[in-house]
Each structure stands twice: as C-alpha cells, then as structure tokens.
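What follows is the residue order along each chain.
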Amino acid sequence: MTTVAKPATDEKRASRARQSARLAEWLVLYLLSILGAILISALLVTATGGDWQSVVGALFDGSVRNPGRWGATLGAAAPLLLVALGTVISARAGLVNIGQEGQLAIGAAFATYFGFLIGGPGSVNIVVLLAFGAVGGALWAGVAALLRFWRGVPEVLSTLLLVAVAGQAVAYGLRWQGLLLAPAADRGNRNQVSEQLGTDRRLPVQTIFGNSYPISVYLSVLAAVIVAFLLARSIWGFRLKMLGRNPRAAQHSGVSQNRYGSAALMLGGAFAGLAGAAMLAGGGFAFGNFQLVPGFSANIGWTGLLVALVARERALICIPVALVFAALRTGSGFVSSTGVEGRITDVIQGLLVLALLVPPAVMFVRDRRRARAATTART
Amino acid sequence: MGFFDAFFDIFTSDSTYLAGALFAAFLLFAATGEWVAERAGTINISVEGMLLSGAFTSAVGYHLTQSAVVALLAGICGGLIVALVQAEMSHRLSADQFVVGLTLNILVLGLTGFLDREIAPKTKIVSTWEIPLLSDLPLIGQALFGQPWPFYLLYILVPATAWMVYRTRFGLEVRAAGENPQSADVSGIDVNKRRRQAIYYAGFTSGLGGAFLILVQIGQFEDSIVGGRGFIAIAAVIFGGWTIRGTIAGCILFAGALSFRLSIQGLGYQLNSELLQSLPFLVTIIGMAFFAHRVRPPAALAQPFVRGLK
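Residues numbered from 1 in each chain as written. Chains lettered and ligands numbered in written order. Predicted model: local features only at pLDDT ≥ 70, side-chain atom pairs only at ≥ 80, totals over all residues. Heavy atoms only, no water.

J.: Any details on the overall build of chain B? Residues and values, ideally.
T.: When helices and strands are tallied, chain B shows 13 helices and 0 strands. Order of helices (α) and strands (β) in chain B, N terminus to C terminus: α-α-α-α-α-α-α-α-α-α-α-α-α. In terms of C-alpha radius of gyration, chain B reaches 20 Å, essentially the compact-globule figure of 19 Å for 310 residues. Principal axes of the C-alpha set define a box for chain B whose edges measure 65 × 45 × 40 Å. When each of the 310 residues of chain B is scored for burial, the buried share is 60%. Here the analysis covers contacts within chain B between residues at least 6 apart in sequence; of these, 74% occur between residues at least 24 apart. For chain B, the exposed surface amounts to about 12,400 Å²; the carbon and sulfur share of it is 67%. (Helix = DSSP H or I, 4+ residues; strand = E, 2+ residues; numbered from the N terminus. Rg over C-alpha atoms; globule rule 2.2 N^0.38 Å. Buried < 20%, exposed > 50% of the residue type's maximum accessible area, 1.4 Å probe, protein only. Contact = heavy atoms within 4.5 Å. Areas by Shrake-Rupley, 256 points an atom, 1.4 Å probe, with all protein chains shown as cover.)

Rendered as structure tokens:
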C-alpha cells in the first residue's frame, strides 16, 4: 500500500508546487507591468516639469479623500460598468463592438425624447426613460448587426464609423424643437440644449456621510451579477460562448450566427444606451444637469470599453476595474491645479490598459512553449 | 439655381479637385500600409494612432529643425513607434490585435494631446512644386501636379508597394501569411515575423501620412487632428477588396466625400452642417454595405497564428 501511496502524494505535492509557482509568476508579471506603466507616467510628468507626488495626491484627493468625492466616483463608475457589461456580452459571441460611445449618445437621446413624450406616475417615468435608452442603444448597434450579418461589413469598422454619425445625429436633433431642443424660454443663452428632466424623472439619490450617488450604482452592480450568472450558467450564455470560440461548430449544432450574433451585438448596444439614459437621469455628479447637450457622452463609452478589455471579458472583474477608471476620471479634474496638464490621466489610463494586456499574453506564450517542450521531450 | 447647378459648380471648380487630391493623398498614405498589413492578416486599427503619432513627431521635428526632410523622417519614426508596440504585442505576445490597436489609439490621443500643450510645436505648409506642362492640365492639373513636394512621394510609394507585394518573394510570403498561415509555416516562413514586418510597413507609410498632414494639408498640429480618418483608410482597403487598385478607388471616393464638405461651403451653398460632417462616414458605411460582401478577404484575416494550434 505504502509503495503505491507515496508517488501519489509526490505527484500531488509537485502539482501544488507548480500551481503556486504559476500564481507567483502571474503576480510578478502583473506587478512589473503595472509598475512599468506608473514609472513611465511619472517620468512623463517629471520630464514636463511637474511633480509626480503632487499629481498622485491630487488624484487621490479628487477621487476619494476630499469630502463628497467618493460618491462622485461611484456615480461615474456606474455607467462605465454598464457599458463594460454590454461589451462583455458581445465579446463573448466573438464580436468586436467598439462603438459604445455612439450607442450611448443615441441611448441618451432616445431617453430624452421619450422621457418627455410619455407622462406617467412617478417611478414609471424613470423606468420608461431607462428602457427607451436601452432601446435606442440597441437600435444603433442593430444597424451594425444588420450590416454585419446581411451585407458582410465587419462590425469592427461599422460600429466605429457609426460613432461619428451618432454624435452628428444627436447634434442635429438638438437643433429642432420637435426632436430634442428645449423650448426657447428654457434654453437660456445656450443654443443646443434639451429640456431639463423634471424631478419625477430623475433617478433617486442616496446619501451616505455626505457622499451622494444615484441608485444606478446598485442597478449596475446587480446587472453585473446577472450578466455573470447568465453567461456562466445559462444555455444562452453557453451558446454565445460556443459562437465566440468556433462559429462553424456553433452553426452546425444549431446556434444561428445571425440570430445569436445580432442579439449579442444589440444587447451590447442596449447596455451602452442604458448607461446613457442612466447618466441623463442620474445627472448632477459628473454628467451635467439632467439635460442633453452635444458631446454628452464625454468619453464614457470609450472608457467603458477599456474597462471590459482590462477585465478580460469577465463581468464581475469589471466592477473593481470600473471603480479604478472612475477614480482616474474624477481625480483628473484635480490634477490641473498642480500645474500639470489634466490630460495626463488619459495617458496614465492608456498605459495602464496596455500594461495589463501584457501578463496574460506573456503567460500564454510561455505556456505554449512549455507544452511544446514537454511534447518534444516525450517523443 | 438648384441642386444640379450646385453639383455642376462643385465638379467644375478647381478647388474641389485640389482639396480632394489632398484628402485622397492623405488617405492613400495610410491605406497603402494598411493594405500590406491586412494582406499579411492583421486588421491594423492602430493606423489612426500611427497617423496621429506621425503627425505629432513630424511637427516636433519641424519645430526643432525647420527642415521638412527632418520632419518627414521624424514622422516615419512616430509611425514606427506605434507599429512596434502593435506588432510586438499582437504578433509576438499574441494579445488580441483589436484590443491592442484600440488601446494604442486612445493612448496616442492622450499622449499627443498632453505633449502638444507642453511643447506646442510651430509648423507651416512647405513650398509648392509645380510640374511644368502637366500642371497646366484643366481641372486635375493643379490637383495632381501642382502640390507641395511631399505629395509626389505618393507616386513612388504606391507603385513600389504594389511591386513589393505582388512581385517579390517577401510580398509572396506576406500574402501567404495572410491567406494560409499553417501552410506558410510548414514551408518555412516565419508567419508572425512577416506579419510584424507588414505592420512596420504600415507604421512607415502612416508616419509619412501624418507628416503629410502637417507639412501639406493643415500646417499646424491640433488635438485629435486625424479625427477618425484612419478608420476611413481601413474602410478604403476593405471597400477595395484588398487590391491596390480598389484601395486607390476607395480612397478617391471617400476623399470626394471629405472634400465635398469643404467645397460646398466654399462655393456659398448651404446644407445642414451635421449632415455634411457625417457625410464621409455615411458614404463609407454605405459604400461598404454595397461592396463588402462582393470581395474576398485574406482567408486568415484577423486570426492570430500560434504554431501547433488549429
């Protein structure tokens, strides 16, 4: 008995050692690449005559430390998370949707238009407004889906080009009073602005220790849990994954690429549109005054996309990543007071994303190399 | 007076062709390299970032030396830096090419915006070379042969690229890497190396394109100066069915939409400004909707190659 058991425990011990070595490797890689990104950012700040310590201080002040700021960070994280979730869904089906910025703008425009059109009692208004935001985003992504599955236009490009069109479409809508423009009396001295949402059409706000944030924060976290569950545990999620991994095999086993692909793309757009509607109805914190203006989307679509990429398409990981990116965003307003150009946060963000892409890629290459070495050793 | 008069005016005015040629040339600089990269199997969406980075470095180069040649070389370097990151990350480390490209675009946008405020390079449009006789041709003479000199680089670059891709061993290997990487690998071609080199080439031509933007077309670096035209260049390659002739045709068509916007205002006609702003993108989308399914992409386009998988 003992002679049999002994090699088994050896095997176990060896595999455990291998696993912890792998974990250590992951950690070291992540640490090194994040450190590299921070180092380059610090060098940039120093090279342009700034002081990197004060920049870091300002970032923390703006995102967490100063009174009321972490509420603002939470408020900014909610739409980022929503956009990221949509991206995760379409990416799971193997589709590269990079037009969230436009889908978000159209969603916000739909929410504005229908939010004023439909009058109902209290909370119904809010639900309707959010729902139409999602519909708007889905329709805009639907254009790309139609082009992809009917005309064979790569969705990478069509979603991207539609961003430019969406911005202009919203600006066009803001020129006509029948569409989005506010009546002359409510416009003040601005010429392209929508009517302000009434208090019965705004998202309820929660205040804790002087930090207030709209309840879209809870909604987005709930959505993250639901998306994570559906993708991991439902037949629908499995089919999406199959489509993403091997479209031909999926087609053969009865998963229609047209149907599931379009659904995934449009759902991605719906989440972006929902984020737009939530920004509109949540307002106040980082996103203006409960009214639509040109350039309303304010890069939330792009940043949300980055969140999904950094989280490597896992819905729950998106939550902490969205918080980090929201903190960079709310902190950036404070950076300019240190004499360093505020756009440094865009650079930091880009470098961070690039750095976080490195470890998984390196691990993949190393694993392949090891596997090849093992097979050649065996033969 | 009416719609057709407006069209007639636009098609008979020299300025339309002049502006159109500049837009087409700019797109073509980017699209030529992008075409090579796509033939090797990469949809290189960081071409936008390469153009922007090339424009910025060339502006800085000109600012420092007041020499257009140095500015061109600096532009090439700027394009190559982005290409290096894209190629190493997507075809040595096998990170997803779209993810890398998108991140690079955003990073370059932030970085050039940041550095532009710090450095604020001063540049101007370089002198015009009129080619005798040819520049006297009606309508297109000035547009094709009366431009600032970096424009004429295109007359060398495009045929040279076509020759390289279709007529050299290197070009054959590049195309093999894009069509059937497994077979290419078996026959001794280092697939990922060829793909990386194709991306470097895209960086080279896009860097030239960025420099062209500064030295010929606009004359001054601005924040987000490229404004999505890199994506139109990618669309031109797809529109052109991954052939050089089609790519040139696509560039000319999309450039027409871009310059239409300018010339219709220049001639005093009124049209909704939002429609005009989005016209190039709409034309691109509609053009692709009609032609994208008629052409055959390189078989392994956008598929990473890892030896032993698949």
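J.: Go over the nonpolar core with me, naming the residues and quoting the values.
T.: Membership of the largest hydrophobic core comes to 190 residues, with the highest contact counts inside it found for Leu161 and Ile344 of chain A together with Leu215 of chain B. When near neighbours in sequence (up to four residues on either side) are disregarded, Ile344 of chain A contacts Leu44, Val45 and Val335 of chain A together with Phe114 of chain B. (Core = buried A, V, L, I, M, F, W, Y, C linked by side-chain atoms within 4.5 Å.)

J.: Explain the interface of chain B and chain A to me, and be specific about the residues and the numbers.
T.: Many authors give the size of an interface as the accessible area that is lost as the parts come together. Taken together, the contact pairs 47 residues of chain B with 42 residues of chain A. Interface of chain B and chain A: buried area, both sides summed, is about 4,000 Å²; carbon and sulfur atoms make up 78% of it. It is Phe114, Glu274 and Ile285 of chain B that lose the most area in chain B upon contact with chain A, and together they represent 16% of the buried surface on that side. Across the contact surface, chain B and chain A share 1 salt bridge. Between Arg343 of chain A and Asp223 of chain B there is a salt bridge, with the nearest N and O atoms lying 2.3 Å from each other. The tally of links from chain B across to chain A stands at 4 residue pairs in polar contact (both at pLDDT 80 or more). If one sorts the elements of the side of chain B that touches chain A by residue count, helix H5 (residues 97-119) of chain B sits on top with 16 residues. Broken down by class, the residue content of the side of chain B that touches chain A amounts to 30 nonpolar, 11 polar and 6 charged. (Buried area = accessible area lost by both parts, 1.4 Å probe. Salt bridge = Lys/Arg side-chain N within 4 Å of Asp/Glu carboxyl O. Polar contact = N/O pair within 3.5 Å; in protein donor to acceptor, adjacent residues only side chain to side chain. Nonpolar A, V, L, I, M, F, W, Y, C, P; charged D, E, K, R; others polar.)

J.: Which residues make up the pattern of salt bridges, and what are the values?
T.: Taken as a whole and assessed by the stated rule, the structure comprises 13 salt bridges over all chains. Ionic pairing is found between Glu155 of chain A and Arg148 of chain A, a salt bridge with its closest N-O pair at 2.8 Å. Two residues, Arg169 of chain B and Glu173 of chain B, come together in a salt bridge whose shortest N-O distance is 2.9 Å. Of this pair, Arg169 of chain B and Glu173 of chain B both sit in helix H8 (residues 169-179), separated by 4 residues, roughly a single helical turn. Taking relative accessible area as the criterion, Arg169 of chain B reaches 64% and is therefore assigned exposed. Residues participating in the shared-partner salt-bridge network are Arg22, Glu25, Arg366, Asp367 and Arg370 of chain A.

J.: Can you break down the side chain of Ser63 of chain A residue by residue, with the values?
T.: Tracing the backbone through its elements, the reader meets Ser63 of chain A in helix H2 (residues 52-65). Contacts of Ser63 of chain A, omitting those with residues within four sequence positions, involve Arg69, Trp70, Thr73, Ala327, Thr330 and Gly331 of chain A.

J.: I'd like to hear about the pairing of strand E1 (residues 205-208) of chain A, residue by residue, with values.
T.: Residue and element names in this part refer to chain A. Across 4 bridges, the pairing between E1 and strand E2 (residues 211-214) is antiparallel. The residue of E2 that forms the bridge with Ile208 is Asn211. Hairpin geometry of E1 and E2 is characterised by an intervening segment of 2 residues between the two adjacent antiparallel strands and by a positive phi of about 50° at Phe209. (Pairing = 2+ DSSP bridges.)

J.: Kindly report on unusual backbone geometry, identifying the contributing residues and their values.
T.: A positive phi angle, near 60°, is found at Glu313 of chain A, a position not held by glycine. Counting through the fold element by element, Glu313 of chain A comes out in the loop between helix H12 (300-310) and helix H13 (318-335). A relative accessible area of 32% places Glu313 of chain A in the partly exposed class. Although it is not a glycine, Ser94 of chain B sits at a positive phi angle of roughly 55°. Its place among the elements puts Ser94 of chain B in the loop between helix H4 (68-91) and H5. Take Ser94 of chain B: its relative accessible area is 24%, and that puts it in the partly exposed class.

J.: Pulling in residues and values, what's your account of helix H9 (residues 235-245) of chain A?
T.: Residues and elements named next belong to chain A. Among the residues making up H9, those that are buried are Gly237, Leu240 and Leu243. All buried residues of H9 fall inside an arc of 120° around its axis, so they share one side. When the buried face of H9 is taken as reference, the exposed residues oriented beyond 90 degrees from it are Ile235, Phe238 and Arg245. Along its buried surface, H9 packs onto helix H3 (69-92), helix H8 (216-233), helix H10 (247-252) and helix H11 (257-282). (Arc of directions from axis to C-beta.)

J.: Account for the layout of surface pockets, with residues named and values stated.
T.: The volume enclosed by the second largest pocket comes to roughly 1,400 Å³. Lining the second largest pocket are 50 residues, and of these Trp302 of chain A together with Leu109, Ser224, Gly227 and Gly228 of chain B lie nearest its centre. In terms of residues, the lining of the second largest pocket owes the most to one element, helix H6 (residues 155-173) of chain A, which gives 7 residues. A breakdown of the residues in the lining of the second largest pocket according to their chemical character gives 23 nonpolar, 18 polar and 9 charged. (1 Å grid on protein atoms, 1.4 Å probe; cavity = no way out; pocket = protein on both sides within 12 Å on 5 of 7 lines; lining within 4 Å. Points joined across faces, edges and corners; volume = space filled by probe spheres on them.)

J.: Break down the packing of aromatic side chains for me, with residues and values.
T.: Summed over all chains, the structure comprises 16 aromatic pairs over all chains. Centroid distance Tyr113 of chain A to Phe114 of chain A: 5.1 Å. Interplanar angle 85°. Geometry classified as edge-to-face. For Tyr113 of chain A, a relative accessible area of 31% gives the class partly exposed. Ring centres of Phe151 of chain B and Phe212 of chain B lie 6.3 Å apart, and the angle between their planes is 40°; this geometry places the pair in the tilted category. Here Phe151 of chain B, found in the loop between helix H6 (140-145) and helix H7 (153-167), pairs with Phe212 of chain B, found in helix H10 (residues 191-217); they are 61 residues apart in sequence, far enough to count as distant. On the accessibility criterion, Phe212 of chain B (0% relative accessible area) is buried. Taken together, the aromatic side chains of Phe29, Phe145, Phe151, Tyr152, Tyr155 and Phe212 of chain B make up a single cluster linked through ring pairs. Positioned over the ring face of Trp150 of chain A is Arg151 of chain A, at 4.8 Å from the centre of the ring. The ring of Phe290 of chain A has Arg202 of chain A sitting right over it, with the charged end atom 3.9 Å from the ring centre. (Phe/Tyr/Trp six-rings, centres within 6.5 Å; stacked < 30°, edge-to-face > 60°. Lys NZ or Arg CZ within 6 Å of the ring centre and 35° of its normal.)

J.: Tell me about a nonpolar patch on the surface, and name the residues and values.
T.: Judged by side-chain polarity, Tyr113, Leu117, Ile118, Tyr172, Trp176 and Leu179 of chain A come together as a nonpolar surface patch covering roughly 550 Å² of accessible area. Mapped onto the elements, Trp176 of chain A comes out in the loop between H6 and helix H7 (184-187). (Patch = residues over 30% accessible without salt bridge, like charges linked within 9 Å, V, L, I, M, F, W, Y side chains within 5 Å.)

J.: Can you tell me about the side chain of Arg343 of chain A, naming the residues and giving the values?
T.: Within the element layout of this structure, Arg343 of chain A appears in the loop between H13 and helix H14 (344-378). Note on Arg343 of chain A: relative accessible area 15%, which makes it buried. Of the polar contacts made by the side chain of Arg343 of chain A, one reaches the backbone oxygen of Leu109 of chain B; its length is 3.3 Å. Once residues lying within four places of it in the same chain are set aside, the contact partners of Arg343 of chain A are Leu109, Gly110, Gly113, Phe114, Arg117 and Asp223 of chain B.

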